[in-house]
Amino acid sequence: MSKFEQLYTEYLPKLELYTTTITKVHGKNHPEVFQVHDLFVEMTNKNNAGENLTSHFKQLREITRDYEIPDDVCETFEGTYQMLSELDATYSVEV
């Protein structure tokens, strides 16, 4: 199992919950989190089917300004971006 697959398996349950949670809590002030959630759902479907995720990570980097964490967010938001960033970095090295 690759490092990406290990991290993906570990982070998947949290990210499924966290990407939904941050839309509810921070969506008003940070509407980009809705796109983050939608992209994550797409990525999950594609990864389960074995498809390439490079373009999805590129879109995530653009939407999040390279996973920049705003000053006015909670630990869940911060954790979401950190996990996505780590998955992105690991995926990019392995592809």
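For the structure itself, consult the block above.
To start, this report covers the structure provided alongside it. None of the values given here were measured: they were computed from a predicted structure. As a convention, each chain's residues are numbered from 1 in the sequence order in which they are written. Local features in this predicted model are restricted to residues of pLDDT 70 or higher, and side-chain atom pairs are both shown and tallied only at a pLDDT of 80 or more, whereas totals for entire chains, interfaces and linings draw on every residue. The side-chain quantities take in all heavy atoms of the structure and omit both hydrogens and water.

Let's talk about the pattern of salt bridges
Next up, step 1: Counted as salt bridges are all cases of a side-chain nitrogen of Lys or Arg within 4 Å of a carboxyl oxygen of Asp or Glu. Within the structure shown, the criterion is met by three salt bridges.
Next up, step 2: The closest approach of N and O atoms between Lys-46 and Glu-51, which form a salt bridge, is 3.2 Å.
Next up, step 3: Between Glu-62 and Lys-58 there is a salt bridge, and its shortest N-O distance comes to 3.3 Å. Residue Glu-62 and its partner Lys-58 are located together in helix α3 (residues 54-64), separated by four residues, close to a single helical turn. Numbered from the N terminus, helices here are DSSP runs of H or I no shorter than four residues, and strands are runs of E no shorter than two.

Things to note about the nonpolar core
Next up, step 1: The term nonpolar core refers to a set of buried residues drawn from Ala, Val, Leu, Ile, Met, Phe, Trp, Tyr and Cys, joined through side-chain atoms within 4.5 Å. For every residue, the accessible area (1.4 Å probe, protein chains only) is compared with the maximum for its type, and the residue is labelled buried under 20%, exposed over 50%, or partly exposed between those bounds. Core analysis: the biggest nonpolar cluster contains 24 residues, and Phe-4, Leu-15, Phe-57, Leu-60, Leu-84 and Leu-87 have the highest contact counts within it.
Next up, step 2: Only α1 (3-26), α2 (32-48), α3 and α4 (75-94) provide two or more residues apiece to this core.
Next up, step 3: Of the residues forming this core, the biggest block, seven residues, is contributed by α1.
Next up, step 4: Beyond its immediate stretch of four places on either side in the chain, Leu-15 contacts Phe-40, Thr-80, Met-83, Leu-84 and Leu-87. The contact rule is simple, with two residues in contact once any of their heavy atoms fall within 4.5 Å.

A look at the side chain of Thr-19
Next up, step 1: By secondary structure assignment, the location of Thr-19 is in helix α1.
Next up, step 2: Polar contacts involving the side chain of Thr-19 include one to the main-chain carbonyl oxygen of Leu-15, which spans 2.8 Å.
Next up, step 3: Setting aside its immediate chain neighbours within four residues, Thr-19 contacts His-37, Phe-40 and Thr-80. Nitrogen and oxygen atoms within 3.5 Å of one another constitute a polar contact, given that in protein one can donate a hydrogen and the other can accept it, and given that sequence-neighbouring residues count only through two side-chain atoms.

What about the side chain of His-56?
Next up, step 1: Mapped onto the elements, His-56 comes out in helix α3.
Next up, step 2: Given a relative accessible area of 5%, His-56 falls into the buried group.

A few points about the packing of α2 against α3
Describing two packed helices takes the angle between their axes plus the distance from one axis to the other.
Next up, step 1: Lines are fitted to the C-alpha atoms to define the axes, a helix being fitted only along its stretch in contact, and any angle between axes, read from their N-to-C directions, falls within 0 to 180 degrees. One way to put it is that α2 packs onto α3 with a least axis distance of 10 Å and a crossing angle of 170 degrees. Classified by the angle between their axes, α2 and α3 sit roughly antiparallel to one another. Between α2 and α3, the contacting residues are Glu-32, Gln-35, Val-36, Leu-39, Glu-42, Met-43 and Lys-46 on the first element and His-56, Phe-57, Gln-59, Leu-60, Ile-63 and Thr-64 on the second.
Next up, step 2: Classes in brief: Ala, Val, Leu, Ile, Met, Phe, Trp, Tyr, Cys and Pro nonpolar; Asp, Glu, Lys and Arg charged; the others, Gly included, polar. Partitioning the contact of α2 with α3 into residue classes produces six nonpolar, four polar and three charged. By definition in this entry, angles of less than 35 degrees are roughly parallel, angles greater than 145 are roughly antiparallel, angles of 65 to 115 are roughly perpendicular, and the rest are oblique.

Quick look at the packing of aromatic side chains
Next up, step 1: Two rings belonging to Phe, Tyr or Trp (six-membered ring only in the last case) form a pair when the distance between their centres is within 6.5 Å. Interplanar angles under 30 degrees mark stacking, angles over 60 mark edge-to-face geometry, and anything in between is tilted. Tallying each qualifying case throughout the model produces six aromatic pairs.
Next up, step 2: Seen in terms of ring centroids, Phe-77 and Tyr-81 are 4.6 Å apart; in terms of plane orientation they differ by 45 degrees. Their pairing is tilted. On the criterion of helical spacing, the pair formed by Phe-77 and Tyr-81 is a turn pair, its members being four residues apart in helix α4. No difference in accessibility class separates Phe-77 from Tyr-81, as the two residues are buried.
Next up, step 3: Here a set of aromatic residues connected by ring pairs shows up, and it is made of Phe-4, Tyr-8, Phe-57 and Tyr-91.

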